[in-house]
Every structure is written in C-alpha cells, then in structure tokens.
Amino acid sequence: MENLVKEIQNMFSDHADFFMEKEIKDSTPIYLMGFNTLIDLTKSKLYVRQIAGTSASVQELFINLSDQLEIDSEQIIHALLKGKLVIVSEKDERNAIVDPISRNLTRSIAEPLSESPLLSSVDAFGEDIDTNIGLIRKRLNTERLYHGSFEIGEFESRKLSMLYIKGKAPDALIGEIKRQINQIDTDIDTVEDLNKYFGERRFSIVSHVFQTELPNEATHFLKKNRVVLFLDNYPFALVFPQTLMDMFNVSSDRNYPTVIAYVIRTLRAIGAIVNVLLPALYVSVVSVNPEALKIDLALFVSESRQGIPFPALVETITMVVLVDLTLEAIVRLPKSVGPTITMVGGIILGQAMVEAKLVSPLLVIVITAIVISGSVVSGIQNSLYIRLLRYPILILASIFGLLGMFIGFLFILVYLASLKSNGIPYTTFHINRKGDAK
Amino acid sequence: MKRVKALMMLMFLVTFLSGCWDIKDIDKRVLPLVIGISKVNNEDYKVTVQIPITKKDGEISRIVTSIDENVSSALGQIKTNSENAVDYSHVRLVIIQSDLSDNKEELKQLVTFLMTSREFPTNAQLAFTDVPIEELLSNINDKLGVDSTSLYDFFNKGAGWAPEILSTRIWEVYRSMFSYTEDITIPIVDPGKDTVINYKGAVALKLGELTQRIDPNETQLIKLFQNKNAKGKIENVGFASVMVTSSAIENKTLIESNKPVVSINVKLKIHVLEREAGISNERIKKDLEKLIEERFNKMFEKAQENKTDIFGFGQYFRNQIPYDDLKKWREGYYPDLKVDFQVHTSME
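Residues numbered from 1 in each chain as written. Chains lettered and ligands numbered in written order. Predicted model: local features only at pLDDT ≥ 70, side-chain atom pairs only at ≥ 80, totals over all residues. Heavy atoms only, no water.

Identification of chain B as Ger(X)C family spore germination protein from Sutcliffiella horikoshii is taken from an unreviewed UniProt entry. Quoted verbatim from the Subcellular location (unreviewed entry) field of the UniProt record, the comment on chain B reads "Membrane". Turning to chain B, the UniProt annotation filed under Sequence similarities (unreviewed entry) states: "Belongs to the GerABKC lipoprotein family." (UniProt positions renumbered as here; feature names shortened; annotations may be inferred.)

As recorded by UniProt, the Sequence similarities (unreviewed entry) comment attached to chain A reads in full: "Belongs to the GerABKA family."

A.B. asks: Lay out the overall build of chain A in plain terms, naming residues and giving numbers.
C.D. replies: Looking only at helices and strands, chain A has 14 helices and 12 strands in total. Computed over C-alpha atoms, the radius of gyration of chain A comes to 29 Å, more than 25% over the 22 Å expected from 2.2 N^0.38 for 438 residues, which places it beyond the range of a compact globule. If one aligns the C-alpha atoms of chain A with their principal axes, the spans along those axes are about 100 × 55 × 40 Å. Buried positions account for 49% of the 438 residues belonging to chain A. Long-range contacts, defined here as pairs at least 24 residues apart, represent 66% of the contacts in chain A between residues at least 6 apart. Approximately 21600 Å² of chain A is accessible, and the part contributed by carbon and sulfur atoms is 60%. Side-chain charges of chain A comprise 42 positive and 48 negative groups, with the mean position of each set lying 8 Å from the other. (Helix = DSSP H or I, 4+ residues; strand = E, 2+ residues; numbered from the N terminus. Rg over C-alpha atoms; globule rule 2.2 N^0.38 Å. Buried < 20%, exposed > 50% of the residue type's maximum accessible area, 1.4 Å probe, protein only. Contact = heavy atoms within 4.5 Å. Areas by Shrake-Rupley, 256 points an atom, 1.4 Å probe, with all protein chains shown as cover. Lys, Arg positive; Asp, Glu negative; His and termini not counted. Charge placed at Lys NZ, Arg CZ, Asp CG, Glu CD.)

A.B. asks: For the overall build of chain B, give the residues involved together with the corresponding values.
C.D. replies: Scanning chain B from terminus to terminus reveals 11 helices and 15 strands. Across its three principal axes, chain B shows a C-alpha extent of roughly 85 × 60 × 55 Å. Burial analysis of chain B (348 residues in total) assigns 48% to the buried set. Residue pairs in contact within chain B that sit at least 24 positions apart in sequence constitute 66% of those at least 6 positions apart. Per element, the accessible surface of chain B, about 17500 Å² overall, is 49% carbon and sulfur. Side-chain charges of chain B comprise 46 positive and 50 negative groups, with the mean position of each set lying 6 Å from the other.

A.B. asks: I'd like to hear about a nonpolar patch on the surface, residue by residue, with values.
C.D. replies: Residue and element names in this part refer to chain A. On the surface, a cluster of nonpolar side chains totalling about 460 Å² of accessible area is made up of Val259, Ile260, Val263, Leu267 and Ile270. Examined against the element boundaries, Leu267 turns out to sit in helix H9 (residues 258-288). The exposed category is assigned to Leu267, whose relative accessible area is 52%. (Patch = residues over 30% accessible without salt bridge, like charges linked within 9 Å, V, L, I, M, F, W, Y side chains within 5 Å. Salt bridge = Lys/Arg side-chain N within 4 Å of Asp/Glu carboxyl O.)

A.B. asks: Can you lay out the interface of chain A and chain B for me, pointing to particular residues and giving the numbers?
C.D. replies: On the chain B side, the residues contacting the 27 residues of chain A number 26 residues. Summed over both sides, the interface of chain A with chain B buries roughly 2200 Å², with 61% coming from carbon and sulfur. Ranking the residues of chain A by area buried against chain B places Ile295(A), Leu299(A) and Glu303(A) at the top, with a combined share of 28%. One salt bridge connects Asp25(B) with Arg305(A), and the closest N-O pair in it is separated by 2.8 Å. Inspection of the region where chain A meets chain B yields six residue pairs in polar contact (both at pLDDT 80 or more). At the level of secondary structure, the elements contributing two or more residues to the side of chain A that touches chain B comprise H9, helix H10 (295-304), helix H11 (312-332) and helix H14 (380-418) of chain A. Counting residues per element, the side of chain A that touches chain B draws most heavily on H10(A), which supplies seven residues. Looking at the side of chain A that touches chain B residue by residue, the classes come out as 18 nonpolar, four polar and five charged. (Buried area = accessible area lost by both parts, 1.4 Å probe. Polar contact = N/O pair within 3.5 Å; in protein donor to acceptor, adjacent residues only side chain to side chain. Nonpolar A, V, L, I, M, F, W, Y, C, P; charged D, E, K, R; others polar.)

A.B. asks: Please set out unusual backbone geometry residue by residue, giving values where relevant.
C.D. replies: Residue and element names in this part refer to chain A. Cis geometry is found at the peptide bond from Phe240 to Pro241, where omega equals -10°. As for its placement among the helices and strands, Pro241 is situated in the loop between strand S10 (237-240) and H9. Of note, Asn225 is a non-glycine position whose phi angle comes to about 70°, a positive value. The exposure class of Asn225 is buried, given its relative accessible area of 7%.

A.B. asks: Explain the sheet that holds strand S12 (residues 234-236) of chain B to me, and be specific about the residues and the numbers.
C.D. replies: All names here are of chain B. Sheet architecture is open: four strands sit in the order S12-S13-S14-S15, paired in mixed fashion. Each edge of the open sheet is held by one strand with a lone partner, namely S12 and strand S15 (338-347). Here the average twist between neighbouring strands, direction ignored, is 40°. In the sheet, strand S13 (residues 240-256) pairs with strand S14 (residues 259-275) via 16 bridges, with the strands oriented antiparallel. Within the sheet, the bridge partner assigned to Ile249 lies in S14 and is Val266. Across the face of the sheet, helix H8 (residues 216-225) comes into contact with S13, S14 and S15 while running at roughly 55° to S13. Across the sheet, helix H9 (residues 281-305) lies against S12, S13, S14 and S15, angled at about 155° from S15, the strand it touches most. (Pairing = 2+ DSSP bridges. Axes fitted to C-alpha atoms, helices over the stretch in contact; angles between N-to-C directions.)

A.B. asks: Give me the lowdown on the confidence of the model for chain A, citing residues and values where you can.
C.D. replies: Of the residues in chain A, 97% reach a pLDDT of 70 or more, and the chain-wide mean stands at 86. Ranking the elements of chain A by mean pLDDT puts strand S3 (residues 68-69) of chain A last with 76 and strand S9 (residues 227-231) of chain A first with 93. (pLDDT = per-residue confidence, 0-100.)

A.B. asks: Got a sec to walk through the packing of aromatic side chains? Specific residues and values, please.
C.D. replies: Within this structure, the stated rule accounts for 22 aromatic pairs over all chains. Between Phe18(A) and Phe35(A), the aromatic rings sit 5.6 Å apart at their centres with planes inclined by 70°, giving edge-to-face as the arrangement. Note that Phe18(A) is positioned in strand S1 (residues 18-25) and Phe35(A) in strand S2 (residues 28-35), a separation of 17 residues in sequence. Judged by relative accessible area, which is 14%, Phe18(A) ranks as buried. Taking the relative accessible area as the measure of exposure, Phe35(A) reaches 4% and is therefore buried. Their ring planes at 20° and their centres at 6.1 Å tell us that Trp329(B) and Tyr333(B) sit as a pair that is stacked. (Phe/Tyr/Trp six-rings, centres within 6.5 Å; stacked < 30°, edge-to-face > 60°.)

A.B. asks: Run through the UniProt feature "transmembrane region" (unreviewed entry) in chain A, naming residues and quoting values.
C.D. replies: All names here are of chain A. Under the feature "transmembrane region" (unreviewed entry), the UniProt entry names residues 360-380 and 392-417. Its end C-alpha atoms 30 Å apart, residues 360-380 is made of 71% helix and 0% strand. Structurally, residues 392-417 comprises 100% helix and 0% strand, and the distance from its first C-alpha atom to its last is 17 Å.

A.B. asks: Please set out the sheet that holds strand S5 (residues 95-98) of chain A residue by residue, giving values where relevant.
C.D. replies: All names here are of chain A. If you walk across this open sheet you meet the five strands as S1-S2-S4-S5-S3, and the pairing is antiparallel. The open sheet is flanked by S1 and S3, the only strands paired with a single partner. In this structure, S3 lies alongside S5, joined through two bridges in antiparallel fashion. Note that in S5 the partner of Gln68 across the bridge is Ile97.

A.B. asks: With reference to specific residues and values, describe H8(B).
C.D. replies: Residue and element names in this part refer to chain B. The buried fraction of H8 amounts to eight of the 10 residues, a majority that puts the element mostly inside the structure. Turning to H8, its buried residues number three or more, namely Glu218, Thr219, Gln220, Leu221, Ile222, Lys223, Leu224 and Phe225. Directly beyond the C-terminal end of H8, a positive phi value near 65° is found at Asn227.

What follows is the structure in structure tokens.
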C-alpha cells in the first residue's frame, strides 16, 4: 500500500491544497488525504480522532468511518477530487473513503435575483443541487415524485437531476429525455450545451427549457405535467418543455383573485405584442403609410418630426439599439455604477436627443413604451427574444409599411408555431397527461 | 456556411438599402385636405388645394391654385411646383363650384376621375358651392381660432350635433351615377360670415344631372331614410320648440296592380325645450307630426316631378320588380309611387 500513497502523492504533487496527514492508531500509521480547500481539516481530524477513540482496532475504525472500503486507486482519485477524505493505513494495505466535514462553499437559500415575485414565497434556488431538490421535496412531499440523477460530462462529471411526477408527465416524453441525457458525451457548461441534445434547433431563438429561479414555480410546473431538470452549480430549474404561455402565466398570479390574474396575463400578452409591433408601427405610419393616420394625428406626427435629419427607419433603429445597449449595460455593470448609466442614458436618450432634434418626441414615447412593455413577460430569456423579434419586423415595415408589419408578425407566429420540443409544440396551451398512474 | 453567409449578406443589404431612398417621411410630404375644382372661362379647370401647415402654435393653412386643361394635369402642376412631395391620400373633401357642377357630362367625368385616379381616397366627401372656391377656402385663414382641419370637421361633428348636415362620399356619388333605383343628394356650402361655412342645403343629383334643390330643413328627412339617427335636431312648431332625442323608421312595401306603394312609419321621441304657456303635449305632438308630414309630402312631390329618387325608394322594390324592369324604375314606376308617410311622436 506504500505504492498507493506514493501514487496519490505524485499525482497531486502540483496541487498546493492537497494534504496528507499522518496519524497513529494502535501504533499503526494511517494517512488522511484530501483537499483542504474542500474539507474542513481541523474538524474532520477531530471527527476521525473521536471515532478512533471509540474503536478498538484500526479495522474497526475503518468500518465505523465508512462503508466504502478497499477501493481501487482510480476511484480514490475520483473521490478525492469530489471533496472526500481518504484514509489509508500504512501497514495492512487498507483504505476507506470517508464523508468529511466539508467546507461550506455554497450560499444559503436567498431571495431570487432575476425575478422579484409579489405575493409569493421568496426563497430561490441556489448552486447546490441537493438543496434545490430539497426545496422541491419540501413542497411536494409525495412518493410519486421521481428523482433521477445522472452524471454527465467528458472532463468533469456534472450532476444532472431529473424530476417529474409519476403519472403526470407523459411517458413518451420521459423516455425521450432519458435517452437524450444518456447520449450526452461532452461537458455541459451552459444551458445551451444541454439544449443541443434536446433536438435540432441550432439557430432558434427559443430555448427548449424555461428557466425559473423560484421553487414555487418549479413545483407548479411539475404538477402541470412538465419535467424539471437541475444542473449542479446552476441556480435555476430547467423546465422542459418550454411553451409560449410560460411567458404570460406565472403561477403566483393565482394568489390574486382570478379576474385580476387574467387581467395581469392579458397585460403581459399586450406588452409582448406592443413590444414587437410598436416601433414597426411607428416607422410604417410615419414613412410608408401616412394615409392610415387620421388627419389630426397625421398633422401632429408631421409637426413632431419637423427638422429631424434622419429617415424614420434610421431614427428608430438608432434609438432601439441604444436602448438595448443600455439594458445590456445595466446587466453587466456592478450595482454601484448601474444607476449612473441609467440616469445618463435616460437623459441622453430622452431629453438631449429630442432637444438636439435628432429624434422626434413621439419616438421617445414609442421607445419608452417598448422598454416598459418588454419587461412584463415572465422569464428574462423570453423578454430577450421578444426584443430580438422586433428588428426583422421593423425592417419589413420600413419597406412594405403596415402590410410588411403584419406579414412579419404573421411569419413570426408561423415560426413560433413550427417549434417543437420532443414532439410537443411550443404554442401548446397545456401538456396532456399520458403517464400511467402508478 | 455558404448559405448562412448569403443570408447574412442579404439581411445586411436589406437593412441598409431599404426605407431610405424611395419613401418619403411624413414630414417631407404635404397633405392637402381640401380640393376645390372650378372652371375658368368655361374652358380650363382650376384646382385649388388647401394644405394645412404644421406649426408649433396652432395650424394655419396655405391655398395653392393651378389652372390647366384638365384636373389631373392641374394637380400634377401643384405636385411639380410644391417644395415637398404632395400626398393626396389625406384629401377629405372635394368642393366643386356650381358652374362646373351644372354641366352634366363634365361632372360625370370629374367624379369618374376622382373615383379611378387612385391618388384620392374614394371616401372623401363631396360638396358643391355657389361662390368662388378661393373665397371659401381662404375663409378658414380669416377666422380667428379656427384650425386648418375645420372644413373637414364641419362634416364630422359627431352624433347628435347637427343631424341635418348631409355627408356624401365620392364613391356614393359614383355609384348613384350607375344605379337604376337610387339618386343622391350632395350638400351645398357657402363661406359664412362669422363661421367658416354656412350650410345651404343640398342638391339632388340624377345620373349626374342636378334636378332640385333641397332646404337645410329637409335634408334631415333624407338622412332619416339613410337610417341615420335624427337625434339632436331641433324643430320649431311655432308655439314650442322640441328636440328629437331618437328616431326610428319602418317601411312596408308592396306592388298593387303594377304600382308601387310604400307605407312609412317614422317614430320620433321628442323632448320639449320650450313652449308657450298652456300648450298641451298632445298639441305639440300633433303639430310636429303634421309639420314633418307636410314637409315630406312637399319634398316628395317635387322629387317625383323631377323623377329623382332622392329617398332611394327604388331600393325597397329591387326584389319585387323583375331585374330587366329595374332600369325603368325612374320613368315607369317612380312617378306612380304612392307613399303613405306617417309620423308618430312620443314624449320622453
């Protein structure tokens, strides 16, 4: 067993945080090995010593500490990297993998950062996959909750958990997802890496999965016959498949009276449509089809555009891009600098550009409306793709006017209707339960 | 990859080449609102165009005139001479001076041009005037506190404000020139002394020919037959004045021994505005009924003489007269038409 100790020592010789401590039990030297960045060494040593004090022999100590005895070297290395404590006795060639007292490397359950729910519980998923699943189990204490765990990846092995309620999620869907997960042979670093395995959608702007940070939402999706996936170290639940309605429906809406919930959802839908169509409507009405305006409105629009040097399309694209840049900058910036950008951006976009007669005041109103309306949909990825959709419509509108705008909108609807995730259409209203209740 | 590149190239081109070269933004267009057409020396057409000018403080308007052999070339001249692109798609009112409208052939030609030119909206309204058109149009700028759209606003006061004002659209006039069974009435306007426009009633147009003038008071009845509410009309019965708050009309038609008969029931709900002392409701009702019935009968008699079906009675018989006989409606049936016109009023 000298070999094993040597081998491990050599392997981790350039890892400064690797430790190997020698302890004596019954005049037998034993080695404790691990990474002190992952293991709380002092407490773990104390724990081993305590067990050693109550154990009669080295053999008994090993049995008391662990059920994983006599492991081959490859698995020991794997265990070490995962943050386990490995004990090797010098003489009688024994080893054991012990669950040590780990350093706390995960944050505690906190409030959500990408959503701010009203009238809902405000805990959010964190990085630790077990905590996340625990949050779900706490809400869904039924034996029908299935939890399958996978280890995926080429270099690293990353934990992927799959949750669904037996008898609710369709069997065909479950089978298909399991097959797809088993096919994964590369590292999954991002959600998009995972997305690739759920079917061909290379240039699609809509992901297969809906991401949510709220355990409440995830539980609700499970009950609505969906499958929920968790990636270790990723603080979001990935709901499969994503549907169009997820953009408008949030389960915590139901904490309001039903009528109000429906009004809120309608508002979100209006917001999405306004966000896609409004800039295009402005361009088409101002430059291609002014006859669509009532005369009073036409004169008003005409007056508000007096002296503006750009054509409506250039003016609108400039403003829309500037606003998107501002939004992106606010996301990137630290919280201390963010407000400055907001203020400066607001002044430049709103006031200075109008006063300099670079854009018309009417356009500023349009831009404000789209910034606000773009943020009403649920899910940050949804609001991003909606923002993207308005560019093609804008260009079509600048060429063909109102006709182009509606053709563009129609094409977008056709495109969205063509999307499918494992046979389930993106535009479906609800996922049928085809699972057999067991 | 090749396809992706081609697609990106295409998008790039579309983005940067579109929208900028052959499309005029709204501020680079002038939007004429009213077009006046008249004749000069019985030969050339004179086209007068009222263009609202947008300015920060209120709107004023500009009047542009051009004379040429025909209307389209006169309009073209305005386009050529204008500093911005002229967009006729906002024309809301076409005013024709009476020396032109009196000529049947020229009027027909003009309406056909307006209908088919594609540059004008066919739902623009048509009106006649007896005075020179410049006088009418420049009246807008002379009146204080009137904005440039007032000429158009005049015909669109909204429900209940001035129910006697007729509004006739170009396509309706065009349609009536081919209709066997319906004639049209076109409003006549004058420049007012204190207001922009004075309403002078209407003329009946039979296949492009002017046949009779109609009083402002009588035009109300025509609107009633067009199923437009007479709400808001104030009637003076001598010793009282009443306001009509709602109206409904019912027709029954039949053909008796090859002669058409119509019985019409008009139901009016009225509200007495003022009355002399001691006048009963019954009397007001009776007098009002009589007044309106007389007014109708007088008007109808005249229309029948002129063989002009201004109320569109022919429309009611379209399914009762063989199709081939419909073209004889004006000459054969209409002079024999019997109308039993009855008004029933009720107090609110």
